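A structural walkthrough
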Amino acid sequence: MTPHSLAFYVDVITTGTMLGARPTDSPEQVTAILGSDFAENSFDAHSMWRDYGMVEFFWGRESPGHPWVGHHFTLHVHRLSYGGGGIANRALREQYGRFGRHLRFDRLERLLAKRGVRMEHVPDANAPAFSLHWQPASEVSVLAFRAHEEGERRRRGERIGDVYAISSSMSAEHVAWNRARYGVHRSGPALTASSPSTR
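Since the structure is predicted, the reported quantities are computational estimates derived from the model, not experimental observations.

**What to know about the overall build of the protein**
For the protein, the count of helices and strands is six helices and eight strands. Start at the N end of the protein and walk to the C end: the helices and strands fall as α-α-β-β-β-β-α-α-α-β-β-β-β-α. Taking all 199 residues of the protein together, the buried fraction comes to 46%. Carbon and sulfur atoms make up 50% of the accessible area of the protein, which totals about 10,300 Å².

**Notes on the packing of aromatic side chains**
Taken as a whole, this structure holds 13 aromatic pairs when the rule is applied. Ring centres of Phe57 and Trp59 lie 6.1 Å apart, and the angle between their planes is 25°; this geometry places the pair in the stacked category. The same class applies to Phe57 and to Trp59, which are both buried. Measuring from ring centre to ring centre gives 5.0 Å for Phe57 and Phe73, while their planes differ by 40°; the resulting arrangement is tilted. Here Phe73 lies in strand S4 (residues 69-75) and Phe57 lies in strand S3 (residues 55-60), a separation of 16 residues in the sequence. Look at Phe73 and you get buried, because its relative accessible area is 0%.

The rules behind the values
- Residues numbered from 1 in each chain as written.
- Predicted model: local features only at pLDDT ≥ 70, side-chain atom pairs only at ≥ 80, totals over all residues.
- Heavy atoms only, no water.
- Helix = DSSP H or I, 4+ residues; strand = E, 2+ residues; numbered from the N terminus.
- Buried < 20%, exposed > 50% of the residue type's maximum accessible area, 1.4 Å probe, protein only.
- Areas by Shrake-Rupley, 256 points an atom, 1.4 Å probe, with all protein chains shown as cover.
- Phe/Tyr/Trp six-rings, centres within 6.5 Å; stacked < 30°, edge-to-face > 60°.

Right under this line is the structure:
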């Protein structure tokens, strides 16, 4: 992993934006930043998302006559493990350089801690295969891959301890709901590749 791409992940987590694009921005605002090279998808007339390779932005609207309202974006870091750095959008590569195939959560967490940015552990339905972490100020969540589930088909390149995805934004209300539903611990034990947590 190059220092430049690490800086990208730190920027996303500390600002809650993607090159300045906010999860609440309109499709036009996001395209002005990330470019027009995307695949557009929709389940119905009320929802839509655009896939920019490694990142997807999501919108919703009341009806076809209403404007699109930004909901969230997800940075699919796991796609790098099998797709390589070229899957990152051109705008991202021009700003941050080469992207490696893996991002270790423990390395990212240490780098954030050095900058005074803390991540809180959040109980989640995806445990123990994944652990969920949250940055309160930016409302960004980080999902880390922790264990292969029994009978699960393993994808090429997946490594335990890697960051799977980064999303913005996850509200404090959502975190509180997760804690009420799945557990109450505000922080979890140190998680390693050899000892996944059940939270």
